[in-house]
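Close look at the chain arrangement
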Amino acid sequence: MKIKGTFLDEISHDIPHQNWGRKEWEKDFVNMRNAGIDTVILIRSGYQKWQTFDSNVLGSEMGAHRPPVDLVQMYLELSEQYEMDFYFGTYDSGKYWVNGDYRKEVELNKRLIDEVWSKYGEQKAFKGWYISQECSRKTGQIIDLYASLGEHCKAVSNDLPTIISPYIDGVKNISQYVTTTEKEGGVSLSKHEQEWSEIFDGIKHAIDIVAFQDGHVSFDELTDFLKLNKQLADRYGLACWTNTETFDRDMPIKFLPIKWEKLWMKLEAAAKAGIEDAITFEFSHFMSPQSAYLQAGHLYNRYMEYLRN
Amino acid sequence: MKIKGTFLDEISHDIPHQNWGRKEWEKDFVNMRNAGIDTVILIRSGYQKWQTFDSNVLGSEMGAHRPPVDLVQMYLELSEQYEMDFYFGTYDSGKYWVNGDYRKEVELNKRLIDEVWSKYGEQKAFKGWYISQECSRKTGQIIDLYASLGEHCKAVSNDLPTIISPYIDGVKNISQYVTTTEKEGGVSLSKHEQEWSEIFDGIKHAIDIVAFQDGHVSFDELTDFLKLNKQLADRYGLACWTNTETFDRDMPIKFLPIKWEKLWMKLEAAAKAGIEDAITFEFSHFMSPQSAYLQAGHLYNRYMEYLRN
Amino acid sequence: MKIKGTFLDEISHDIPHQNWGRKEWEKDFVNMRNAGIDTVILIRSGYQKWQTFDSNVLGSEMGAHRPPVDLVQMYLELSEQYEMDFYFGTYDSGKYWVNGDYRKEVELNKRLIDEVWSKYGEQKAFKGWYISQECSRKTGQIIDLYASLGEHCKAVSNDLPTIISPYIDGVKNISQYVTTTEKEGGVSLSKHEQEWSEIFDGIKHAIDIVAFQDGHVSFDELTDFLKLNKQLADRYGLACWTNTETFDRDMPIKFLPIKWEKLWMKLEAAAKAGIEDAITFEFSHFMSPQSAYLQAGHLYNRYMEYLRN
């Protein structure tokens, strides 16, 4: 089981920034290639007032801050140079859909998608879209949001593929702003199946790939959830990838690299569930030899040994 | 907008120690010089029972632990060697003034100031005083504390300059011992203006420089607060610097280096507000190429690129 | 006062993993030797479903995950190669004894001890046992647990020595899953003496060495507690070591390396209390030149300077 893709965690909203410039990013694309990664997914193009490029839409509508560099352009160029597929992540207002106004989140993003496609659509590495609004349950108008944004992305871009990466409302679905690591009463398999059947049924024409995050359930439950996710995706005709998280959810310090044994178990469990493709959140903080967290470089070495065996 | 000074975070009370010896400190003074820094400010000479040198006053009055090295002497020597101005930070009992007994905090510090001036006052790099008791509002007898200590520092030292570095009681004024990053209801501009008018009016004869911390308000509010702080300082004849924080207040992990974009925005905002001098809390953890947090070295590189442009 | 031993923090349950392979572990055994360490203590052989080797007992009884490598074997080989004494740590279910069922915790561990001795007992470096169930008070059937496991370890291994490392229920006895660092009302000296008298009296035939953790009381109280612990151990015929913690309990971020001054004070306090041997929790994260926390390498340098003086 190989990790073929990674998120690019810009704009992050909870993981401290590494302050890399273009030189460091280029070096990391080389690191990724060496590890067999050929797909990069921008986690989101903007969050609240922060943005990855100087968007007219986000500037005028959200009063977004003008960023010092155009990260989208840089990632597209590096992707082309290193033969990566680049997926563009939508904007997360952090408020409209969170407060129930899904319509406004959708309308704003449609305008952004238009702007982005007109600005970057001709670039060779632009290969798809990531709908960055993450959810775990059939909450609010999430079906409509995924369907509308997926349809719009595909309409403007001649049917480029669309990805979502939901999570499971498991025992480790805990705010990053608390220090505990588990809660009582995660979602049951049957409830998860019921809600995601309805969601997939409503979005199957607009979303091509679903990559559930694999870190919110206990290791004992993981295989069952992975199998269920694969069955559900198969039933509704979506491709099923696993988003194998490379940070450790079991520690009082949030967001340090995961123990290799855990990553290995999760990859093996996904393979057993019949899943063939893995992406990760994310390479540059948690698995890169040049990460500020030196545990990440050792994780990279363990993973490379695993690839060779 | 250049950062011309930095705090030296010894004694820290919330940021893990880097365990540097003299060799590492000397290397960091070189790093600071290369970044254009010519002023170093000892954040505090002691906190509770911890102290930066073996003070008779703190030993007898507070039962302070005897430290393994004399950091004040070392900093003075390095400052002289690298042509830095050294500001000495007062002692923070962590209890007297916190519990309302400002008088005792003042009396103790007056005796310490006498001891310090007699011990280190003739050294060439000793160029001023930092009154380390930080506040955000007109609390207790804070005016009297600043005025008394400022007067005393100036009286013993032939009028060497005095600095304070208050904060704004904004939405990010949150204890470092909780994991949330924002609160409701920061102070309003008018309330801030009213309280700091009274404070400045009461301390203007004793304090030369005010350098408000710039991290406790949202980025949207920052420019207005910076302008107000500059106006207030001008009105009462204090020099107005900005203390631009180089750690990120928006993250679940407390006290990792800030994202360059945020630092850049804060420096630009200060320049727009007419402020000409910036210091930072602080170089060695958050901006140094040899920091234990590798993000800091990348922040240094981004800042150096900015200086060159 | 020299640190002669260190725990090996595998399986950790709260400190992020460094993802070292054999090469890094061998390098760290060299680092340890250079610092004068001749004893390594496996903190626990397993915790919940995680284990350090593929145990039949833990696999069948607990459904433990099959680990990717045999850490016990590796540590034994490295210990032999670098002339270290290896102590094997018992299994911590994280539930039986925690929920009051000490009997089950004991029975399971007896079977594990049999398995371990039969599998690894002939190896040259296998020099003792660590009873990994840590406590601070005479809680539940802790006396029976220590006595039963100690007796069993000694019975199967021709009387190899047994160690426990309790903590003091002091003001810093705080969950690692909260961000505060102190509580009100630590245990008093007399209460500590009373409870540990009873415990030592009940375990003195089965436990050879007690190494209290030294991080849970304030620095002002430490000497008194160290002296009391030494007296208590002498009274009941146990050897008294100090387990000098090398991480800092006073910081909002949990588990970063301690400030050298604090470690130095704790070592001096232990020497003053008549204690002659120190071990630490633990070298590889908090004191190693190759730790992911770079503060650890500087702590190592400060400690080495101290050894040379």
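Bear in mind that the values here come from a model prediction, so they are computed numbers and not experimental data. (Residues numbered from 1 in each chain as written. Chains lettered and ligands numbered in written order. Predicted model: local features only at pLDDT ≥ 70, side-chain atom pairs only at ≥ 80, totals over all residues. Heavy atoms only, no water.)

**Regarding the pattern of salt bridges**
Summed over the entire model, instances satisfying the criterion amount to 76 salt bridges over all chains. When the shortest N-O distance is used, the salt bridge between Arg 137 of chain A and Glu 195 of chain A registers 3.3 Å. A residue pair is termed long-range when its members are at least 10 positions apart, and Arg 137 of chain A in the loop between β7 (126–130) and α5 (142–156) and Glu 195 of chain A in helix α6 (residues 189–203) qualify at 58 residues. For Glu 195 of chain A, a relative accessible area of 9% puts it in the buried group. The salt bridge partner of Lys 204 of chain B is Asp 201 of chain B, with a shortest N-O separation of 2.7 Å. Accessibility expressed as a relative area gives 38% for Lys 204 of chain B, which makes it partly exposed. Connected through shared salt-bridge partners, Arg 137, Asp 169, Lys 183, Lys 191 and Glu 195 of chain A make up one network. (Salt bridge = Lys/Arg side-chain N within 4 Å of Asp/Glu carboxyl O. Helix = DSSP H or I, 4+ residues; strand = E, 2+ residues; numbered from the N terminus. Buried < 20%, exposed > 50% of the residue type's maximum accessible area, 1.4 Å probe, protein only.)

**Focus: the packing of helix α8 (residues 260–272) of chain B against helix α10 (residues 294–308) of chain B**
All names here are of chain B. The geometry of α8 relative to α10 is characterised by a closest axis approach of 10 Å and an angle of 40° between their N-to-C directions. Taken together, the axis directions place α8 and α10 in an arrangement best described as oblique. When you trace α8 past α10, the crossing you get is right-handed. On α10, the residues that touch Trp 260, Leu 263, Trp 264, Leu 267 and Glu 268 of α8 are Leu 299, Arg 302, Tyr 303 and Tyr 306. (Axes fitted to C-alpha atoms, helices over the stretch in contact; angles between N-to-C directions. Parallel < 35°, antiparallel > 145°, perpendicular 65-115°, else oblique. Left-handed = near helix turned anticlockwise from the far one by under 90°. Contact = heavy atoms within 4.5 Å.)

**Regarding the interface of chain B and chain C**
Contacts between the two partners involve 28 residues from chain B and, on the opposite side, 22 residues from chain C. Across the interface of chain B and chain C, roughly 2,200 Å² is buried in total on both sides, 63% from carbon and sulfur atoms. For the chain B face of the interface with chain C, the top three residues by lost area are Asn 19, Trp 50 and Tyr 177 of chain B, together amounting to 31%. Here chain B is connected to chain C by 2 salt bridges. Note that Asp 220 of chain C is salt-bridged to Lys 49 of chain B, the shortest N-O span being 2.8 Å. Joining chain B to chain C, the criterion identifies 4 residue pairs in polar contact (both at pLDDT 80 or more). When the residues that make up the side of chain B that touches chain C are grouped by side-chain class, the tally is 14 nonpolar, 9 polar and 5 charged. (Buried area = accessible area lost by both parts, 1.4 Å probe. Polar contact = N/O pair within 3.5 Å; in protein donor to acceptor, adjacent residues only side chain to side chain. Nonpolar A, V, L, I, M, F, W, Y, C, P; charged D, E, K, R; others polar.)

**Description of the sheet that holds strand β9 (residues 209–213) of chain C**
Residue and element names in this part refer to chain C. The 8 strands are arranged β1-β2-β5-β7-β8-β9-β10-β11 in a closed barrel whose pairing can be described as parallel. Strand-to-strand twist of the sheet, defined as the mean angle between neighbouring strand axes without regard to direction, takes the value 30°. Bridge count for β9 against strand β10 (residues 239–243) is 5 bridges, and the pairing is parallel. For Ile 209, the partnering residue across the bridge sits in β10 and is Ala 239. (Pairing = 2+ DSSP bridges.)

**Comments concerning the interface of chain B and chain A**
Contacts between chain B and chain A engage 22 residues on the former and 28 residues on the latter. Here chain B and chain A share an interface that buries about 2,200 Å² over both sides, 63% of which is from carbon and sulfur atoms. Of all residues in chain B, the largest losses of buried area upon contact with chain A belong to Pro 252, Lys 259 and Gln 295 of chain B, amounting jointly to 24% of the total for that side. Summed over the shared surface of chain B and chain A, the result is 2 salt bridges. Taken together, the residues of the side of chain B that touches chain A break down into 11 nonpolar, 5 polar and 6 charged.

**Considering the UniProt feature "domain: DUF4434" (unreviewed entry) in chain A**
Taking the numbering used here, the UniProt-annotated feature "domain: DUF4434" (unreviewed entry) corresponds to residues 3–293 of chain A. Overall, residues 3–293 of chain A shows 40% helix and 15% strand. The separation of its end C-alpha atoms is 20 Å. (UniProt positions renumbered as here; feature names shortened; annotations may be inferred.)

**Remarks on the confidence of the model for chain A**
Detail in the predicted coordinates should be disregarded across regions flagged by low pLDDT. Summary statistics for chain A give a mean pLDDT of 96 and a share of 100% for residues scoring 70 or more. Confidence metrics for the complex model read pTM 0.97 and ipTM 0.96. (pLDDT = per-residue confidence, 0-100.)

**Section: the side chain of Gln 213 of chain A**
Residues and elements named next belong to chain A. Mapping Gln 213 onto the fold places it in strand β9 (residues 209–213). By relative accessible area, Gln 213 is classed as buried at 6%. Among the polar contacts listed, one links the side chain of Gln 213 to the backbone oxygen of Ser 165, at a separation of 3.0 Å. If we skip the residues at most four places from it in the chain, Gln 213 touches Glu 134, Ser 165, Pro 166, Tyr 167, Ile 168, Asn 243, Glu 245 and Arg 249.

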